[in-house]
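Coordinates in review
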There are 2 protein chains.
Amino acid sequence: MAVPVKISGLVLNLFVLLFLVCVMNFPAISEAKIRRHKWELKYEYKSPDCFKKLVISINGRTPGPTIVAEQGDTIIVELKNSLWTENTAIHWHGIRQIETPWFDGTEGVTQCPILPGETFVYQFVVDRPGTYLYHAHYGMQREAGLYGSIRVSLPPGLSEPFAYDYDRSIILMDWYHKSAYEQAAGLSSIPFQWVGEPQSILINGKGKFNCSSLASPSLNVSTVCNATNPECTPYALTVIPGKTYRLRISSLTALSALSFQLEGHNMTVVEADGHYVEPFVVQNLFIYSGETYSVLLKADQDPSRNYWATTTVVSRKPGTPPGLAILNYYPNHPRRSPPTIPPPGPGWDHVSLRVNQSLAIKAHQGFIISPPQTTDRMIVLLNTQNRFNGFVRWSVNNVSFNLPHTPYLIALKQNLLHAFDQTPPPDGYDFKNHDIFNVSQNKNATTSNGIYRLDFNSTVDIVLQNANTMNVNNSETHPWHLHGHDFWVLGYGPGKFDIYNDPKKFNLVDPIMKNTVPVHTYGWTALRFRADNPGVWAFHCHIESHFFMGMGVVFEEGIEKVGRLPSSIMGCVHRP
Amino acid sequence: MAVPVKISGLVLNLFVLLFLVCVMNFPAISEAKIRRHKWELKYEYKSPDCFKKLVISINGRTPGPTIVAEQGDTIIVELKNSLWTENTAIHWHGIRQIETPWFDGTEGVTQCPILPGETFVYQFVVDRPGTYLYHAHYGMQREAGLYGSIRVSLPPGLSEPFAYDYDRSIILMDWYHKSAYEQAAGLSSIPFQWVGEPQSILINGKGKFNCSSLASPSLNVSTVCNATNPECTPYALTVIPGKTYRLRISSLTALSALSFQLEGHNMTVVEADGHYVEPFVVQNLFIYSGETYSVLLKADQDPSRNYWATTTVVSRKPGTPPGLAILNYYPNHPRRSPPTIPPPGPGWDHVSLRVNQSLAIKAHQGFIISPPQTTDRMIVLLNTQNRFNGFVRWSVNNVSFNLPHTPYLIALKQNLLHAFDQTPPPDGYDFKNHDIFNVSQNKNATTSNGIYRLDFNSTVDIVLQNANTMNVNNSETHPWHLHGHDFWVLGYGPGKFDIYNDPKKFNLVDPIMKNTVPVHTYGWTALRFRADNPGVWAFHCHIESHFFMGMGVVFEEGIEKVGRLPSSIMGCVHRP
C-alpha cells in the first residue's frame, strides 16, 4: 500500500516562496561550491550481467560515479581520454548549459571529439535541483557503458514539496553483448542487420544473463560468463521498515522502454526530469530512455522478508528477461531471495497504460511555470523509417539527419558556411497525403545536416508525429530528448495531429516541463519551448541506434549572443 | 627442382650501370608519374578465415588495394576516415620518406591521428624499386585488417638482375577472432592476459578456421562461421607450366614468425626489403613480420595436378593451423585439391635453420652498397620482459617505451620541451652483470618517452641483444623495423654480444640492406645506418603486441633540416 504525500497548505506556500527565491536568482542561501572531478576513461573487461565484455569505464566503473551537487554549484570534470584509438565526448543530460553551450558535450553539434591522451575540462553550473544524467554523445559509446547520474539537491534550508528520509538513485540500462562497433556495422550494412533485443537489463549496473545458454564443447564458459561473479550480484535496495525513500529512477537504455515495479509496494511520482510533479500513485513506473523520475517509496510492508524490484521491457515484444534487484528490508540479508516469483509487470503491448501515465504527469500545483499562451512557430516532425540508397534510415519530415565534421557551434560562430547544408529542413510534411497508418515508401527521403534556425526568444511548438514503420502494422515508441532546454508538454493524442483543432486541446494550465518525452505508437506529442538559450541544440530520439540512423534535428538560436568559444572544443577544425 | 638464375657477366655489368644511373639520380628514363588513390576506411563485417568479425577495410577490402608504381613516382593517397569514433594513421613501410618525414604515418612520432570524418592526404615519392608494405600505425589497428602491399617496379628499359615471366604478390597475416580492443584490454590488465596464438594464418587475406569447433546448442554457427563462404576460399596461385614467377612474399603478422613453402618446388631468393640478394635457393622461406622477399618460382613440376602452398608458424610452439593456398597449374581447376597432404614445414623450434637463412642473405654482388667501415656511435639495445607497477611490459635497456600525445616531429620543430621526457634512454645496459640466459627481475625498469638524438650524417651501429623472458628457458624472436632508413645487416651471433671482439666479425663487405631484421633467441643482431634522413624515426619490434607493450625506441636526426611541417599532421596539438 502506498501512502500519498500530504503537505499542509501553509508549508506548501513556504515552499513556493523559497522556490521563487531560487528561480528568481536572488542571492543563494548557501554559497555555491565548485565540485571538481577527475575522470579517466578506459576500455576494460567487466561482467555487469555475468557475461564478460569490454566496457568503457570511468575511473574503473560502469555506470560511472554519481555527481552530487547543490543547486548553483559549478561542476568541473577533468576528463582524461585513455581509450587507445577512440575519441569521446560526454553530454550532461538535462543540464541546460546556460552561458556554456560549448560544454553540452554533443560531438558534431557543440564540440569536436576529445582525442586519446587528451584531458578535456567540462565546466558548467547546475542551476536547478533535480535528477539528471550524463553519458557519451559520440557514435554509440553510451551503450559501451559510459553513463551515470547527476543528483542536484536544494541548498540547505530549502526542501522539496514532499518528505522523505533517504535519497537513493537507481539507473536503468539495457545491455548488449556485441560491441557498439559491431552494432554500428550491422546498422550500416546492406542488407541491414538490426541490433536485436538486448541480452539483459541492468539495474544500477547489475544484471543476470543466463550463462548456461552459452554451453559449447569448444568454450570454457566460465571464462566468459560466470553467474557467481560478484560484479553481477543483483543490486539490493536496503530499506529500514517504516521509512520513506526518495528513489531517483532514470533510464539510459539503448533501445528498451521499461516498466519499473517494486513488488507489493506502490510508488508516488513526485519529480520528472528535474520538475516537481503533482503527486500521483503508480504500481509500476513506465520510463523511457533519457527520462528521470523521483518516486517516494514507503517501506510499509511485512519486514520479515525481501521483495523483488523488477524491470520489464514494454512497447517492444520482449526478447530480454526482466531485470531483477532486491528490495531488502533491513535486517534481512540483502542477498536473501524473496519467497515469491517476481511480478510479471504490465503487458508489453498495453499501450493505453503507458499513454495514461504520460497524461497523468502534470506540474505540481505549487510550482507551475506557465507556458507562453501562444506560439510563434509550429514545427511538425513526422517520424518515418526509410530506405535510402539501400540503407535503412530514420527520417524526420523525410530528411535523415547526419552529423557534420565541423560542429555547428563552431561553424556558425566562425561563419563556415561550407561546413553544413545551409538549406533548413522543412517545418512540416505532406499533411494531406501522408498516411501514417500504413507503410509508406517515403520516396523523397534524403539525408542532410541542415538545421532549424529559430528566432531568439521566440516561442516554438514542436509536434512529434508518429507513423507506421516499414513493417506492416508497426509503429514504435520514440523518446525524444531536447538539449539546452526544458519544454512544456502540451499534449498527447492518437492518430494524425490536426494542426487546426488539436492545438485547442493543449494543456496551457499546468503542463509538466521535461527534457525527454515519448511519442506513442501512431500518435503525436506536442511541446513548447522558448528559444532563449543562445547556442546550438540537438533534439533527437534517445534510442541510440535510431539517432545513429538519422532520427534527429538541430536547433540554432541566438548564435550571435554566444560568447567566445573555448579553443578546447575546436580540435577537429583545421587551421589555415 | 629449383633452377638457379644464371646471368652472364656482360648483362650483369649492364644492370650495374643502369642501377647506378638510377641511384645517382640522373634524369629518369621515363617521366615520374603521380599515382593518386582515394581510399575510405570503414569497419565492416568480413570472414577472411570463414569466421565473421569486424575488420577495418579499405574501399571494402582487407588486405587493401596494392599500390603499384614505378621508381620515382609520387604516390598520393587521399585517406577518408569513416571509422565512427576511431582515429587512424597509415605507415608506408619501407618507404624512407626522404624530404617528407611528416608522411611516415606513425601516430605519436610523425603525425597526429586522423579523425573520423577527415580526409588526410599522404604524398610521397617511391624512390627505390622493390617490395614494400603499408599498414595502420596506431594502437593495434594493423591487426584489424588495415594493411596491404606496395610494389615499385623499375622504369621501362631497366630490369632486375634476374629474369621472370610474371610478377605476383603474396601477403601473409595471422588472424585473431578477438578485436584489437579486446587484445589491448588484456595486455593492459592486471593480471596480464596474453593475446594467445592466432586463430588462423591468412594468405592474401584468406584462411580457413575450423567452424565445427564452435558447435554450441545456443549458437547458430553458420551465422558466425561458414566454411563455404566465398570470402574464405583459399587463395590460388595459378601458374603456366614452364614459366618463371617472381613471388613477392611479405608478412605483416601480428605475432607469428612464418615458414612459407611451395610443395615440391624450390624457391630462389632474389630480393629482401627492396634490395637485391645474391641469389640462393631454399625449400622454405622463413619470414618475420615486416619483412618482404622476392623469390623466383619455376613451374617445372608435373603439370597434371595442383600443389600446396603452406605457411606454418615457427619460433613459437604453434597453436595455429598452417595457412593453406593452392599452387594451381593451369589448366587444372584452381580449387582442385592437391592429391597429397600438405608438407609439414620445418620444426617450429629448429632455430639454426632460421639463423642460417639470416646468415645466407647477402647483397647481390652486382649491387653492393658498401657500408661505412667505421662507426661513430654504438647503441646496444637489450630486449627484456619486465613487470612494471604490476603490468607486464617489454623494455629496451630497462626502459619501456610509451608514445607521447604530441608527436615528436611537431614537438621538436616547435621546441615543445614539455611534450616528452628530455632524458635520452641509455646507449647500453649492465653488460657485466646482466645474465641474458636467465630470468631477470630488471628491477630498475622504467617507462619513458625519451628518445635517442643522433648527430646528423653520423654512422650509427645498433646491436639488438636478446635475453631470457620472464619465463624460465624462454627467449623469443623479435623482428625489429626501422623507419626512414635501410640499414646494413652486419651480423648475427649467439649469446651475449662482445662489444670488443664481435665487431671484428662484422660483414663490411657485402651486407644486405634491410629495414626489418630478426634478433634470434638468446642472440644478437648488429646493424649500421647513416643518420642522413632529417626527421624522427621509430625503431621497434614489429610484433603488434610487443610494440604496444613498450618494445621500441625513437631516433631523431637533422631535425633542423626538416622543412615546414604541413598543418594537416597537427590536429592533436592545442593552439594557444
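About the cut-offs
- Residues numbered from 1 in each chain as written.
- Chains lettered and ligands numbered in written order.
- Predicted model: local features only at pLDDT ≥ 70, side-chain atom pairs only at ≥ 80, totals over all residues.
- Heavy atoms only, no water.
- UniProt positions renumbered as here; feature names shortened; annotations may be inferred.
- Pairing = 2+ DSSP bridges.
- Helix = DSSP H or I, 4+ residues; strand = E, 2+ residues; numbered from the N terminus.
- Axes fitted to C-alpha atoms, helices over the stretch in contact; angles between N-to-C directions.
- Phe/Tyr/Trp six-rings, centres within 6.5 Å; stacked < 30°, edge-to-face > 60°.
- Buried < 20%, exposed > 50% of the residue type's maximum accessible area, 1.4 Å probe, protein only.
- Contact = heavy atoms within 4.5 Å.
- Buried area = accessible area lost by both parts, 1.4 Å probe.
- Salt bridge = Lys/Arg side-chain N within 4 Å of Asp/Glu carboxyl O.
- Polar contact = N/O pair within 3.5 Å; in protein donor to acceptor, adjacent residues only side chain to side chain.
- Nonpolar A, V, L, I, M, F, W, Y, C, P; charged D, E, K, R; others polar.
- Lys, Arg positive; Asp, Glu negative; His and termini not counted.

Under an unreviewed UniProt entry, the name given to chain A is L-ascorbate oxidase, and the organism recorded is Dipteronia sinensis. Check the Subunit (unreviewed entry) section of the UniProt entry for chain A; it says "Dimer." Quoted verbatim from the Subcellular location (unreviewed entry) field of the UniProt record, the comment on chain A reads "Secreted".

**As for the sheet that holds strand β5 (residues 90-93) of chain A**
All names here are of chain A. The sheet built from 4 strands is open, its strands ordered β3-β8-β7-β5 with mixed pairing. Of all the strands in the sheet, just β3 (67-70) and β5 have a single pairing partner and so form its edges. Recorded for the sheet is a direction-independent mean angle of 20° between the axes of neighbouring strands. Sheet topology note: the strand β7 (residues 130-136)/strand β8 (residues 147-153) ladder contains 6 bridges and is antiparallel. Among the inter-strand pairings, Tyr134 is bridged to a residue of β8, identified as Gly148.

**Examining the packing of aromatic side chains**
Residues and elements named next belong to chain A. Scanning the entire structure with this criterion turns up 63 aromatic pairs over all chains. Between Trp39 and Trp92 the ring centres are 5.9 Å apart and the planes differ by 40°, which places this aromatic pair in the tilted class. With Trp39 in strand β1 (residues 34-46) and Trp92 in strand β5, this pair connects stretches of sequence that are 53 residues apart. Across this residue pair, the class does not change: Trp39 and Trp92 are buried. Here the aromatic rings of Phe162 and Tyr276 are separated by 5.8 Å at their centres, their planes lie at 80°, and the arrangement is edge-to-face. A residue pair is termed long-range when its members are at least 10 positions apart, and Phe162 in the loop between β8 and β9 (166-175) and Tyr276 in strand β15 (residues 275-282) qualify at 114 residues.

**So, the interface of chain B and chain A**
Every contact between the two is made by 40 residues of chain B and, on the other side, 40 residues of chain A. When chain B packs against chain A, close to 3400 Å² is buried across both sides, 55% of that on carbon and sulfur atoms. Applying the counting criterion to the chain B and chain A interface returns 0 salt bridges. At the boundary of chain B and chain A, one finds 13 residue pairs in polar contact (both at pLDDT 80 or more). Counting residues per element, the ones that place at least two in the side of chain B that touches chain A are β1 (34-46) and α2 (180-187) of chain B. In terms of residue count, the dominant contributor to the side of chain B that touches chain A is α2 of chain B (5 residues). Here the side of chain B that touches chain A is composed, by residue class, of 18 nonpolar, 16 polar and 6 charged.

**Things to note about the side chain of Asp174 of chain A**
All names here are of chain A. Note on placement: Asp174 falls in strand β9. At 6.4 Å, Arg142 is the nearest oppositely charged side chain to Asp174, a buried residue that forms no salt bridge. One polar contact links the side chain of Asp174 to the main-chain amide nitrogen of Ala254, over a distance of 2.5 Å. Those residues in contact with Asp174, other than ones at most four positions away along the chain, are Pro198, Ser200, Ile201, Thr253, Ala254, Leu255 and Ser256.

**Some remarks on unusual backbone geometry**
Residue and element names in this part refer to chain B. Of note, the bond from Ile190 into Pro191 is cis; its omega dihedral lies within 30 degrees of zero at 0°. Mapped onto the secondary structure, Pro191 falls in the loop between α2 and β10 (200-203). Located in the positive-phi region is Tyr522, a residue other than glycine, with phi close to 55°. Looking at the secondary structure, you find Tyr522 in the loop between β29 (516-519) and β30 (523-530).

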